[in-house]
Amino acid sequence: MRGHRYFMLTKFKNVENEKIKKSFLKVMNAYQSLHDYEVVLIQKPIKSSTMQAQPIIDFKGLLKGVKRYKINLAEYVRDSNELKVADLPKDVLTGWFAHELGHLVDYEPFSNLQMIRYGLKYLISPKFRREAEHAADYIAIDHGFKNEILATKRFILEHDLLEEDYKAKIRKYYLSIEQVEMCTVDKTFMQPALDL
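Residues numbered from 1 in each chain as written. Predicted model: local features only at pLDDT ≥ 70, side-chain atom pairs only at ≥ 80, totals over all residues. Heavy atoms only, no water.

(A) Looking closely at the environment of E164. As for its placement among the helices and strands, E164 is situated in helix α8 (residues 164-173). Relative accessible area serves as the criterion here: at 48%, E164 is assigned to the partly exposed category. On a C-alpha basis, the gap between E164 and D79 in space is 9.8 Å, while along the polypeptide they are 85 residues apart. (Helix = DSSP H or I, 4+ residues; strand = E, 2+ residues; numbered from the N terminus. Buried < 20%, exposed > 50% of the residue type's maximum accessible area, 1.4 Å probe, protein only.)

See below:
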């Protein structure tokens, strides 16, 4: 039963909330290309974000080429001590996870060593960062999460408790609401992987 393999490979660390677990598993179910990889959702303090999708790169992975991934998940939405991630509306939480798992799909073609280069380019090149964030949104939409991506964007951009610099970051690097609305799910969005 290959289709249920991801239940064995999907792990949770410090995640107690059932709504978070169910939402994450729902999105994982739609991302079949990730079902052969270990994916760990880790809830922990994050300073600069609400969620972060990253490869797990260790010595064993570098030698054997084994790919493992993690999603870091904050307890609170960035810049807020009041908005708990567990209290987000279901469609917003699902859209957020759809975007983050979109990053993992985008990482798939790259070896662990190439992912180190990817990470450096993401940090130093605003153009590359924008392309990576757009790709994650497109992948999420292509997997059927267009409405959830829209819900997440509207939540961030229209919420009074979130700071303007966070909203400015979303406007700068991510697809706009208008761009998402123009997307259609019956179209394949992804071009070849980002040029490293």
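(B) Expanded view of the pairing of strand β4 (residues 68-73). The sheet contact formed by strand β2 (residues 38-43) and β4 spans six bridges and is parallel. When the bridges of β4 are listed, V39 appears paired with Y69. With five bridges connecting them, strand β3 (residues 51-55) and β4 associate as antiparallel partners. Within the sheet, the bridge partner assigned to Q54 lies in β4 and is K70. (Pairing = 2+ DSSP bridges.)

(C) View of the side chain of H103. Note that H103 resides in helix α4 (residues 90-107). We classify H103 as buried; its relative accessible area is 4%. Side chain to side chain, H103 and H99 meet in a polar contact 3.1 Å long. Other than its neighbours up to four places away in sequence, H103 contacts A53, A132, E133 and A136. (Polar contact = N/O pair within 3.5 Å; in protein donor to acceptor, adjacent residues only side chain to side chain. Contact = heavy atoms within 4.5 Å.)

(D) Main features of helix α2 (residues 18-30). Look at α2: 19 Å from first C-alpha to last across 13 residues, which is about the 18 Å you get at 1.5 Å a residue. For α2, every residue scored as buried is listed here: I20, K21, S23, F24, L25, V27 and M28. By the N-cap criterion, in which a side-chain oxygen at the helix start approaches the backbone nitrogen of a residue two or three places on, α2 is capped by N17, the distance to K19 being 2.9 Å. (Expected span 1.5 Å × (residues − 1).)

(E) Quick peek at the nonpolar core. In terms of nonpolar packing, the biggest core is built from 52 residues, with I20, Y31, F97, L101 and L104 touching the most fellow members. Sorting elements by how many residues they give to this core places α4 first, with nine residues. (Core = buried A, V, L, I, M, F, W, Y, C linked by side-chain atoms within 4.5 Å.)

(F) Structural detail: the confidence of the model for the protein. Per-residue confidence for the protein gives a mean pLDDT of 88; residues scoring 70 or more make up 87%. When mean pLDDT is taken per element in the protein, α4 scores highest with 97 and helix α1 (residues 5-9) scores lowest with 66. (pLDDT = per-residue confidence, 0-100.)

(G) Inspection of the pattern of salt bridges at higher detail. Inspection of the entire model under this criterion finds ten salt bridges. Where E38 meets K11, a salt bridge forms, and the shortest distance between an N and an O atom there is 3.5 Å. Residue E38 is found in strand β2, and its partner K11 is found in strand β1 (residues 10-13); the two are separated by 27 residues along the sequence. We classify E38 as buried; its relative accessible area is 18%. Each member of the salt-bridge network shares a partner with another, and the members are K11, E38 and R68. (Salt bridge = Lys/Arg side-chain N within 4 Å of Asp/Glu carboxyl O.)

(H) Local environment of the packing of aromatic side chains. Under the criterion given, the structure shown has eight aromatic pairs. With centroids separated by 5.0 Å and ring planes inclined at 80°, the aromatic side chains of F24 and F97 adopt a geometry described as edge-to-face. With F24 in helix α2 and F97 in helix α4, this pair connects stretches of sequence that are 73 residues apart. One aromatic cluster is present, built from ring pairs that chain together Y37, Y69, Y107, F110, Y118 and F128. In this arrangement the basic side chain of K21 is found over the ring face of F12, its NZ or CZ atom lying 5.7 Å from the centre. The ring of Y173 carries the charged tip of R129 above its face, separated from the ring centre by 4.5 Å. (Phe/Tyr/Trp six-rings, centres within 6.5 Å; stacked < 30°, edge-to-face > 60°. Lys NZ or Arg CZ within 6 Å of the ring centre and 35° of its normal.)

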